[in-house]
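Secondary and tertiary structure notes
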Amino acid sequence: MAKKETAVDVTGAGLEMLLNRILEQCERDIEEAEQNIAFYKTEILNNPLGKEQFGNYLNDALKIKGQVRDRYIKIVNLFKDRVKIKEVFEKAQGSDESPERLLKAIDDYMGDED
């Protein structure tokens, strides 16, 4: 399979487009994992040997769904942090805030999240 070359626009709009694309892919991964989980559950319940045949697959599908959900939450947190940083910058526009004070405000915000 050929690798798809994509150039990333390293601007605010480019970053938001990239984050949106990743978020959409995570949503598709979650849907696929849920379909697999539903299939394996059906096979386990309706097939006499289903537990032996599909039990491990169901467990793996549940793990994958959890991992994708964690990835999804991390992306949402990136959006949240991005919005908060934009708010700090917008609030500082028109004031006498120096770049050093802006960076300190961002560091303080990011430190409060831990």
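Residues numbered from 1 in each chain as written. Predicted model: local features only at pLDDT ≥ 70, side-chain atom pairs only at ≥ 80, totals over all residues. Heavy atoms only, no water.

**Thoughts on the pattern of salt bridges**
Following the criterion strictly, the structure yields three salt bridges and no others. Between Arg82 and Glu16 there is a salt bridge whose closest N-O contact spans 3.6 Å. Here the residue Arg82 occupies a position in helix α2 (residues 50-92), and Glu16 occupies one in helix α1 (residues 12-46), the gap between them amounting to 66 residues. Looking at Glu16, the relative accessible area reads 27%, which means it is partly exposed. Among the salt bridges present, the one from Glu34 reaches Lys65, with a minimum N-O distance of 3.4 Å. (Salt bridge = Lys/Arg side-chain N within 4 Å of Asp/Glu carboxyl O. Helix = DSSP H or I, 4+ residues; strand = E, 2+ residues; numbered from the N terminus. Buried < 20%, exposed > 50% of the residue type's maximum accessible area, 1.4 Å probe, protein only.)

**Overview of the confidence of the model for the protein chain**
Chain-level pLDDT for the protein chain is 81 on average; 78% of the residues reach the 70-or-more range. Of all secondary-structure elements in the protein chain, the lowest mean pLDDT belongs to helix α3 (residues 99-113), at 70, while α1 reaches the highest, 89. (pLDDT = per-residue confidence, 0-100.)

**Considerations on the side chain of Lys65**
Within the fold, Lys65 resides in helix α2. Using a relative accessible area of 18% as the deciding quantity, one classes Lys65 as buried.

**Some thoughts on the environment of Ala33**
Within the fold, Ala33 resides in helix α1. Contact partners of Ala33, with chain neighbours within four places excluded, come to Ala61 and Lys65. (Contact = heavy atoms within 4.5 Å.)

**What about the packing of aromatic side chains?**
Inspection of every chain in the model, using the stated rule, returns five aromatic pairs. Here the aromatic rings of Tyr40 and Tyr57 are separated by 5.8 Å at their centres, their planes lie at 25 degrees, and the arrangement is stacked. Residue Tyr40 is found in helix α1, and its partner Tyr57 is found in helix α2; the two are separated by 17 residues along the sequence. Taking the relative accessible area as the measure of exposure, Tyr40 reaches 15% and is therefore buried. Judged by relative accessible area, which is 47%, Tyr57 ranks as partly exposed. Ring-pair connections join several aromatic residues into one group, and the members of that group are Phe39, Tyr40, Phe54 and Tyr57. (Phe/Tyr/Trp six-rings, centres within 6.5 Å; stacked < 30°, edge-to-face > 60°.)

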